[in-house]
Amino acid sequence: MRIHKTHKRYISSVVAGLIVTAVTMTGFSYNDKTVTVMVDGAAHTVRTHLNSNEGIVRDAGGVKLNPNDKVISSSTSVQNGTTLTVVRAIPVYVTVNGRTRAVFTTETTAQGVANELGFKTPNYVVVGDANGSVLSGTHITIAQVTSRSLSTVDQEVAIEVIRQKDDTMAKGEEEVVQVGQPGLERVQRETLYSNGTVIKTNDVSKVTQRAMVPTIIKEGTREVTTSRNVAGRASRAIVMEASAYLAGDGDGLGITATGVPAVRGIAAVDPDVIPLGTRLFIPGYGEAIAADTGGAIIGNKIDLVMDSYGEAMEFGRQDVTVYVLDK
(Lines give C-alpha, C1' and ligand atoms only; values in the text may rest on other atoms or scores of the structure.)
Protein backbone atom coordinates (compact mmCIF):
# COMPACT_ATOMS: atom_id res chain seq x y z
CA MET A 1 0.00 0.00 0.00
CA ARG A 2 2.88 2.46 0.80
CA ILE A 3 4.59 1.58 -2.46
CA HIS A 4 1.41 2.41 -4.34
CA LYS A 5 1.07 5.84 -2.65
CA THR A 6 4.72 6.67 -3.34
CA HIS A 7 4.25 5.72 -6.95
CA LYS A 8 1.20 8.03 -7.20
CA ARG A 9 3.13 10.90 -5.65
CA TYR A 10 5.92 10.39 -8.20
CA ILE A 11 3.51 10.38 -11.09
CA SER A 12 1.83 13.54 -9.76
CA SER A 13 5.21 15.29 -9.48
CA VAL A 14 6.12 14.34 -13.03
CA VAL A 15 2.77 15.53 -14.37
CA ALA A 16 3.07 18.82 -12.45
CA GLY A 17 6.56 19.34 -13.84
CA LEU A 18 5.35 18.70 -17.36
CA ILE A 19 2.49 21.16 -16.88
CA VAL A 20 4.89 23.86 -15.56
CA THR A 21 7.24 23.24 -18.50
CA ALA A 22 4.39 23.40 -20.98
CA VAL A 23 3.02 26.58 -19.45
CA THR A 24 6.49 28.15 -19.43
CA MET A 25 7.15 27.21 -23.03
CA THR A 26 3.70 28.38 -24.06
CA GLY A 27 4.29 31.62 -22.18
CA PHE A 28 7.52 32.25 -24.09
CA SER A 29 5.77 31.51 -27.35
CA TYR A 30 2.81 33.68 -26.41
CA ASN A 31 5.11 36.57 -25.45
CA ASP A 32 6.94 36.53 -28.78
CA LYS A 33 6.44 39.80 -30.68
CA THR A 34 7.75 41.46 -33.80
CA VAL A 35 9.64 44.68 -33.09
CA THR A 36 11.27 47.16 -35.49
CA VAL A 37 14.63 48.57 -34.47
CA MET A 38 15.69 51.82 -36.16
CA VAL A 39 19.43 52.46 -35.88
CA ASP A 40 21.92 54.44 -37.97
CA GLY A 41 19.35 54.97 -40.72
CA ALA A 42 18.52 51.27 -41.10
CA ALA A 43 15.46 49.29 -40.00
CA HIS A 44 15.82 45.83 -38.43
CA THR A 45 12.86 43.53 -37.84
CA VAL A 46 13.28 41.39 -34.71
CA ARG A 47 11.18 38.48 -33.42
CA THR A 48 11.78 38.37 -29.68
CA HIS A 49 10.38 37.34 -26.31
CA LEU A 50 12.52 39.90 -24.46
CA ASN A 51 11.00 42.95 -22.77
CA SER A 52 14.18 44.99 -22.33
CA ASN A 53 14.64 47.72 -24.94
CA GLU A 54 18.42 47.50 -24.79
CA GLY A 55 18.38 43.69 -24.91
CA ILE A 56 16.17 43.67 -27.99
CA VAL A 57 18.38 46.23 -29.74
CA ARG A 58 21.52 44.22 -29.04
CA ASP A 59 19.81 41.15 -30.56
CA ALA A 60 19.00 43.11 -33.74
CA GLY A 61 21.83 41.99 -35.97
CA GLY A 62 24.49 42.64 -33.38
CA VAL A 63 23.80 46.34 -32.99
CA LYS A 64 26.32 47.91 -30.63
CA LEU A 65 25.08 50.41 -28.06
CA ASN A 66 27.56 52.95 -26.75
CA PRO A 67 27.35 53.89 -23.05
CA ASN A 68 25.51 57.19 -23.62
CA ASP A 69 23.21 56.09 -26.44
CA LYS A 70 19.48 56.03 -25.75
CA VAL A 71 16.73 53.73 -26.95
CA ILE A 72 13.34 55.39 -27.42
CA SER A 73 10.25 53.20 -27.61
CA SER A 74 7.06 54.03 -29.51
CA SER A 75 4.99 52.40 -26.74
CA THR A 76 5.04 52.33 -22.95
CA SER A 77 5.87 48.60 -22.99
CA VAL A 78 7.35 46.39 -25.68
CA GLN A 79 4.60 44.74 -27.69
CA ASN A 80 3.92 43.47 -31.17
CA GLY A 81 4.53 46.35 -33.60
CA THR A 82 6.65 48.47 -31.24
CA THR A 83 9.38 50.56 -32.85
CA LEU A 84 12.62 51.09 -30.95
CA THR A 85 14.77 53.98 -32.14
CA VAL A 86 18.43 54.24 -31.20
CA VAL A 87 19.56 57.83 -30.61
CA ARG A 88 23.32 58.04 -30.84
CA ALA A 89 25.13 60.24 -28.34
CA ILE A 90 27.24 63.01 -29.89
CA PRO A 91 30.36 64.72 -28.50
CA VAL A 92 30.03 68.28 -27.19
CA TYR A 93 32.43 70.47 -25.23
CA VAL A 94 31.30 71.93 -21.93
CA THR A 95 33.16 74.68 -20.07
CA VAL A 96 32.34 75.26 -16.40
CA ASN A 97 34.32 77.68 -14.24
CA GLY A 98 37.05 77.88 -16.86
CA ARG A 99 37.51 74.12 -17.21
CA THR A 100 36.52 72.39 -20.48
CA ARG A 101 35.74 68.75 -20.99
CA ALA A 102 34.21 66.63 -23.74
CA VAL A 103 31.00 64.75 -22.98
CA PHE A 104 28.72 62.51 -25.03
CA THR A 105 25.02 63.36 -24.93
CA THR A 106 21.68 62.76 -26.63
CA GLU A 107 20.23 66.04 -25.35
CA THR A 108 19.11 68.45 -28.06
CA THR A 109 19.54 71.80 -26.27
CA ALA A 110 22.31 73.47 -24.28
CA GLN A 111 20.06 73.66 -21.22
CA GLY A 112 19.31 69.95 -21.55
CA VAL A 113 23.04 69.17 -21.48
CA ALA A 114 23.54 71.41 -18.44
CA ASN A 115 20.66 69.71 -16.60
CA GLU A 116 21.98 66.27 -17.52
CA LEU A 117 25.36 67.15 -16.01
CA GLY A 118 23.73 68.50 -12.83
CA PHE A 119 24.37 72.20 -13.50
CA LYS A 120 20.82 73.37 -12.96
CA THR A 121 19.15 76.72 -12.32
CA PRO A 122 19.12 78.76 -10.18
CA ASN A 123 22.72 78.00 -9.16
CA TYR A 124 24.05 77.69 -12.71
CA VAL A 125 23.12 79.28 -16.03
CA VAL A 126 23.97 78.58 -19.66
CA VAL A 127 25.79 81.55 -21.18
CA GLY A 128 24.12 82.48 -24.47
CA ASP A 129 21.08 80.74 -25.93
CA ALA A 130 20.08 78.02 -23.49
CA ASN A 131 17.53 76.61 -25.94
CA GLY A 132 19.91 76.58 -28.89
CA SER A 133 20.25 73.33 -30.83
CA VAL A 134 23.12 71.04 -29.91
CA LEU A 135 25.18 69.54 -32.75
CA SER A 136 28.30 67.41 -32.75
CA GLY A 137 31.19 69.58 -31.55
CA THR A 138 28.99 72.31 -30.03
CA HIS A 139 30.74 74.31 -27.30
CA ILE A 140 28.58 75.10 -24.25
CA THR A 141 29.62 77.51 -21.51
CA ILE A 142 28.00 77.18 -18.09
CA ALA A 143 28.56 79.77 -15.38
CA GLN A 144 27.94 79.59 -11.65
CA VAL A 145 25.60 82.28 -10.38
CA THR A 146 27.19 83.97 -7.37
CA SER A 147 24.80 86.94 -7.10
CA ARG A 148 21.82 88.55 -8.74
CA SER A 149 20.01 91.90 -8.79
CA LEU A 150 16.61 93.24 -9.86
CA SER A 151 15.96 96.51 -11.68
CA THR A 152 12.97 98.22 -13.27
CA VAL A 153 13.20 99.98 -16.63
CA ASP A 154 10.70 101.58 -19.01
CA GLN A 155 11.19 100.56 -22.62
CA GLU A 156 9.49 101.48 -25.86
CA VAL A 157 7.42 98.92 -27.75
CA ALA A 158 8.15 99.15 -31.47
CA ILE A 159 5.29 99.94 -33.84
CA GLU A 160 3.87 96.89 -35.56
CA VAL A 161 3.03 97.27 -39.24
CA ILE A 162 -0.09 95.44 -40.40
CA ARG A 163 -0.62 95.06 -44.13
CA GLN A 164 -4.14 94.41 -45.37
CA LYS A 165 -4.84 93.12 -48.86
CA ASP A 166 -7.37 95.20 -50.81
CA ASP A 167 -8.69 94.00 -54.16
CA THR A 168 -10.29 97.38 -54.90
CA MET A 169 -6.83 98.91 -55.23
CA ALA A 170 -4.38 98.26 -58.05
CA LYS A 171 -1.24 96.27 -57.45
CA GLY A 172 1.54 98.56 -56.29
CA GLU A 173 -0.85 101.04 -54.67
CA GLU A 174 -0.69 101.55 -50.91
CA GLU A 175 -2.76 103.57 -48.49
CA VAL A 176 -1.96 104.24 -44.84
CA VAL A 177 -5.28 103.97 -43.01
CA GLN A 178 -3.87 104.19 -39.49
CA VAL A 179 -0.67 105.85 -38.32
CA GLY A 180 0.98 103.85 -35.56
CA GLN A 181 2.27 105.01 -32.19
CA PRO A 182 4.95 103.24 -30.12
CA GLY A 183 3.90 101.68 -26.85
CA LEU A 184 5.58 101.77 -23.46
CA GLU A 185 6.09 98.95 -21.00
CA ARG A 186 7.65 98.70 -17.56
CA VAL A 187 10.04 95.76 -17.34
CA GLN A 188 11.37 94.11 -14.21
CA ARG A 189 14.76 92.71 -15.16
CA GLU A 190 17.00 90.23 -13.34
CA THR A 191 20.76 90.47 -13.80
CA LEU A 192 22.91 87.45 -13.00
CA TYR A 193 26.57 87.74 -11.95
CA SER A 194 29.44 85.32 -11.64
CA ASN A 195 32.11 86.73 -9.32
CA GLY A 196 31.08 90.28 -10.17
CA THR A 197 30.82 89.79 -13.94
CA VAL A 198 27.44 90.04 -15.64
CA ILE A 199 26.66 86.73 -17.31
CA LYS A 200 23.00 87.09 -18.23
CA THR A 201 19.89 89.26 -17.96
CA ASN A 202 16.32 87.96 -17.90
CA ASP A 203 13.03 89.84 -18.13
CA VAL A 204 11.00 88.72 -15.13
CA SER A 205 7.79 90.64 -15.86
CA LYS A 206 6.35 93.27 -18.21
CA VAL A 207 3.51 95.70 -17.49
CA THR A 208 2.00 97.82 -20.26
CA GLN A 209 2.10 101.54 -19.53
CA ARG A 210 0.86 102.70 -22.93
CA ALA A 211 -0.59 100.41 -25.56
CA MET A 212 1.15 100.27 -28.91
CA VAL A 213 -0.97 101.40 -31.86
CA PRO A 214 -0.11 99.52 -35.06
CA THR A 215 0.35 101.15 -38.44
CA ILE A 216 -2.23 99.75 -40.85
CA ILE A 217 -1.49 99.86 -44.56
CA LYS A 218 -3.83 98.73 -47.31
CA GLU A 219 -2.05 97.34 -50.33
CA GLY A 220 -3.67 96.71 -53.68
CA THR A 221 -4.00 93.26 -55.22
CA ARG A 222 -6.06 94.07 -58.32
CA GLU A 223 -4.29 93.30 -61.56
CA VAL A 224 -4.05 96.38 -63.73
CA THR A 225 -3.88 96.18 -67.48
CA THR A 226 -1.39 98.58 -69.02
CA SER A 227 -0.30 99.29 -72.57
CA ARG A 228 2.95 97.49 -71.78
CA ASN A 229 1.45 94.19 -70.67
CA VAL A 230 -1.52 94.32 -73.06
CA ALA A 231 0.58 94.41 -76.23
CA GLY A 232 0.84 90.63 -76.39
CA ARG A 233 -2.95 90.28 -76.10
CA ALA A 234 -3.83 92.87 -78.77
CA SER A 235 -4.53 92.01 -82.39
CA ARG A 236 -4.16 95.63 -83.51
CA ALA A 237 -3.81 99.19 -82.23
CA ILE A 238 -5.73 102.20 -83.55
CA VAL A 239 -5.04 105.86 -82.83
CA MET A 240 -8.43 107.40 -82.08
CA GLU A 241 -9.95 110.62 -80.79
CA ALA A 242 -11.45 109.80 -77.40
CA SER A 243 -14.17 111.67 -75.53
CA ALA A 244 -16.20 110.98 -72.40
CA TYR A 245 -19.90 110.73 -71.63
CA LEU A 246 -22.21 109.81 -68.75
CA ALA A 247 -24.90 107.15 -68.56
CA GLY A 248 -27.65 109.79 -68.46
CA ASP A 249 -26.51 111.57 -71.60
CA GLY A 250 -28.64 111.32 -74.75
CA ASP A 251 -32.15 110.05 -74.05
CA GLY A 252 -31.41 109.83 -70.35
CA LEU A 253 -32.38 106.15 -70.14
CA GLY A 254 -28.81 104.93 -69.78
CA ILE A 255 -29.28 102.04 -72.22
CA THR A 256 -26.75 101.46 -75.00
CA ALA A 257 -27.33 100.56 -78.63
CA THR A 258 -26.78 96.90 -77.78
CA GLY A 259 -29.31 97.03 -74.92
CA VAL A 260 -26.83 96.81 -72.03
CA PRO A 261 -26.71 99.51 -69.33
CA ALA A 262 -24.26 102.35 -69.88
CA VAL A 263 -21.71 101.92 -67.10
CA ARG A 264 -18.02 102.55 -66.81
CA GLY A 265 -16.25 100.13 -69.15
CA ILE A 266 -18.67 100.68 -72.05
CA ALA A 267 -17.40 102.40 -75.21
CA ALA A 268 -19.32 103.92 -78.09
CA VAL A 269 -17.65 103.22 -81.46
CA ASP A 270 -18.23 103.26 -85.20
CA PRO A 271 -19.12 99.61 -85.94
CA ASP A 272 -17.46 99.94 -89.36
CA VAL A 273 -14.16 100.56 -87.56
CA ILE A 274 -14.60 98.44 -84.43
CA PRO A 275 -17.34 95.76 -84.42
CA LEU A 276 -19.75 95.84 -81.47
CA GLY A 277 -18.83 93.34 -78.78
CA THR A 278 -15.08 93.86 -79.26
CA ARG A 279 -12.95 94.00 -76.13
CA LEU A 280 -10.69 97.03 -75.96
CA PHE A 281 -7.98 98.57 -73.83
CA ILE A 282 -7.56 102.35 -73.59
CA PRO A 283 -4.51 103.75 -71.70
CA GLY A 284 -5.65 106.06 -68.90
CA TYR A 285 -9.08 104.40 -68.85
CA GLY A 286 -8.63 100.64 -68.77
CA GLU A 287 -10.51 97.80 -70.42
CA ALA A 288 -13.80 98.41 -72.20
CA ILE A 289 -16.41 96.70 -74.38
CA ALA A 290 -17.55 98.25 -77.67
CA ALA A 291 -21.28 98.17 -76.93
CA ASP A 292 -22.69 101.56 -77.96
CA THR A 293 -22.85 103.88 -80.94
CA GLY A 294 -23.43 107.60 -81.42
CA GLY A 295 -24.37 110.00 -84.20
CA ALA A 296 -21.09 111.88 -83.80
CA ILE A 297 -18.98 108.75 -83.38
CA ILE A 298 -17.84 108.20 -86.94
CA GLY A 299 -14.52 106.84 -88.09
CA ASN A 300 -11.62 106.75 -85.65
CA LYS A 301 -13.55 108.16 -82.73
CA ILE A 302 -14.45 106.56 -79.41
CA ASP A 303 -16.68 107.74 -76.55
CA LEU A 304 -16.13 106.29 -73.07
CA VAL A 305 -18.64 106.04 -70.22
CA MET A 306 -17.39 107.66 -67.01
CA ASP A 307 -18.56 107.30 -63.42
CA SER A 308 -18.96 111.00 -62.69
CA TYR A 309 -19.09 114.42 -64.30
CA GLY A 310 -15.78 115.31 -62.66
CA GLU A 311 -14.07 112.25 -64.14
CA ALA A 312 -15.53 113.06 -67.58
CA MET A 313 -14.29 116.65 -67.39
CA GLU A 314 -10.85 115.52 -66.27
CA PHE A 315 -10.59 113.05 -69.16
CA GLY A 316 -11.81 115.62 -71.67
CA ARG A 317 -11.02 114.97 -75.31
CA GLN A 318 -7.71 113.47 -76.30
CA ASP A 319 -5.99 111.24 -78.82
CA VAL A 320 -5.39 107.73 -77.50
CA THR A 321 -4.09 104.43 -78.80
CA VAL A 322 -6.95 101.91 -78.63
CA TYR A 323 -5.83 98.29 -78.38
CA VAL A 324 -8.19 95.71 -79.85
CA LEU A 325 -7.90 92.64 -77.61
CA ASP A 326 -8.12 89.04 -78.76
CA LYS A 327 -11.16 87.19 -77.48
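Our structure is the block above this text.
Below, the structure is looked at part by part. (Residues numbered from 1 in each chain as written. Predicted model: local features only at pLDDT ≥ 70, side-chain atom pairs only at ≥ 80, totals over all residues. Heavy atoms only, no water.)

### What to know about the packing of aromatic side chains
Line of reasoning, step 1. Within this structure, the stated rule accounts for two aromatic pairs.
Line of reasoning, step 2. Plain terms: the ring middles of F119 and Y124 are 5.0 Å apart, the flat faces sit at 70 degrees to each other, and that makes the pair edge-to-face. Y124 carries the same exposure label as F119, and that label is buried.
Line of reasoning, step 3. When the ring of F281 is compared with that of Y323, the centres are 6.2 Å apart and the planes differ by 40 degrees; the resulting orientation is tilted. Of this pair, F281 sits in strand β17 (residues 279-282) while Y323 sits in strand β20 (residues 318-325), and the two are 42 residues apart along the sequence. Of the two residues, F281 and Y323, neither departs from the other in class, the shared state being buried.
Line of reasoning, step 4. One residue, R264, lies across the ring of Y285, its end atom 4.3 Å from the ring centre. (Phe/Tyr/Trp six-rings, centres within 6.5 Å; stacked < 30°, edge-to-face > 60°. Buried < 20%, exposed > 50% of the residue type's maximum accessible area, 1.4 Å probe, protein only. Helix = DSSP H or I, 4+ residues; strand = E, 2+ residues; numbered from the N terminus. Lys NZ or Arg CZ within 6 Å of the ring centre and 35° of its normal.)

### A word on the pairing of strand β15 (residues 234-245)
Taken residue by residue, a regular strand's side chains alternate between the two faces of the sheet.
Line of reasoning, step 1. Bridge count between β15 and β20: eight bridges; the pairing is antiparallel. When the sheet's bridge partners are listed, M240 is paired in β20 with V320.
Line of reasoning, step 2. By the bridge criterion, five bridges tie β15 to strand β19 (residues 301-305) in an arrangement that is parallel. Note on β19: the bridge partner recorded for A242 is I302. (Pairing = 2+ DSSP bridges.)

### Some details on the side chain of E185
Line of reasoning, step 1. Its location among the elements puts E185 in strand β12 (residues 183-194).
Line of reasoning, step 2. Residue class for E185 comes out buried when judged on its relative accessible area of 14%.
Line of reasoning, step 3. Polar contacts involving the side chain of E185 include one to the side chain of Q155, which spans 2.9 Å.
Line of reasoning, step 4. Ignoring anything within four residues of it in the chain, the contact list for E185 reads V153, D154, Q155, V157, K206, V207, T208 and Q209. (Polar contact = N/O pair within 3.5 Å; in protein donor to acceptor, adjacent residues only side chain to side chain. Contact = heavy atoms within 4.5 Å.)

### Some details on the sheet that holds strand β7 (residues 124-126)
Line of reasoning, step 1. Taken together, four strands build an open sheet; the order of strands is β6-β5-β8-β7 and the sheet is mixed. Single-partner strands in this sheet number two, and they are β6 (99-105) and β7. For this sheet, the mean angle separating the axes of adjacent strands, direction not counted, is 30 degrees.
Line of reasoning, step 2. One ladder, built from four bridges, connects strand β5 (residues 90-96) with strand β8 (residues 139-144); its direction is parallel. Paired with V94 across the strands is I140, a residue of β8. (Axes fitted to C-alpha atoms, helices over the stretch in contact; angles between N-to-C directions.)

### Remarks on the pattern of salt bridges
Line of reasoning, step 1. Taken as a whole, this structure holds 16 salt bridges when the rule is applied.
Line of reasoning, step 2. Where D69 meets R88, a salt bridge forms, and the shortest distance between an N and an O atom there is 2.7 Å. In this pair, D69 is assigned in the loop between α2 (53-59) and β3 (70-73) and R88 in the loop between β4 (83-87) and β5, connecting sequence segments 19 residues apart.
Line of reasoning, step 3. Classification of D69 by relative accessible area gives buried; the value is 13%.
Line of reasoning, step 4. D203 is the partner of R189 in a salt bridge, and the nearest nitrogen-oxygen pair spans 2.8 Å. (Salt bridge = Lys/Arg side-chain N within 4 Å of Asp/Glu carboxyl O.)

### Considerations on unusual backbone geometry
Line of reasoning, step 1. Of the consecutive residues T121 and P122, the connecting peptide bond is found in the cis state with omega at 10 degrees.
Line of reasoning, step 2. With respect to the helices, strands and loops of the structure, P122 is situated in the loop between α3 (110-116) and β7.
Line of reasoning, step 3. Non-glycine residue N195 carries a positive phi angle of around 55 degrees.
Line of reasoning, step 4. As for its placement among the helices and strands, N195 is situated in the loop between β12 and β13 (197-210).

### Some remarks on the sheet that holds strand β14 (residues 215-222)
Where strands meet in a sheet, backbone hydrogen bonds hold them as pairs that are either parallel or antiparallel.
Line of reasoning, step 1. Reading across from one edge, β10-β14-β11 is the order of the three strands in this open sheet, with mixed pairing throughout. The sheet is open, and its two edges are formed by β10 (161-170) and β11 (174-178), each paired on a single side. For this sheet, the mean inter-axis angle between neighbouring strands, taken without regard to orientation, is 30 degrees.
Line of reasoning, step 2. In this structure, β10 lies alongside β14, joined through seven bridges in parallel fashion. Paired with A170 across the bridge in β14 is R222.

### With respect to the pairing of β6
Line of reasoning, step 1. As paired elements, β5 and β6 share seven bridges and run antiparallel to each other. If you follow V92 over to β6, its bridge partner there is V103.
Line of reasoning, step 2. Where β5 folds back on β6, the antiparallel hairpin that results is connected by two residues, among which N97 adopts a positive phi of roughly 55 degrees.

### Details of the nonpolar core
Line of reasoning, step 1. Membership of the largest hydrophobic core comes to 27 residues, with the highest contact counts inside it found for I274, L280, I282, I302, L304 and V322.
Line of reasoning, step 2. Elements that contribute at least two residues to this core include exactly β15, β16 (266-268), β17, β18 (286-292), β19, α5 (309-315) and β20.
Line of reasoning, step 3. Look past the residues within four positions of I302 in its chain and what remains in contact with it is M240, E241, A242, S243, A267, A268, V269, L280, I282, I297 and V322. (Core = buried A, V, L, I, M, F, W, Y, C linked by side-chain atoms within 4.5 Å.)

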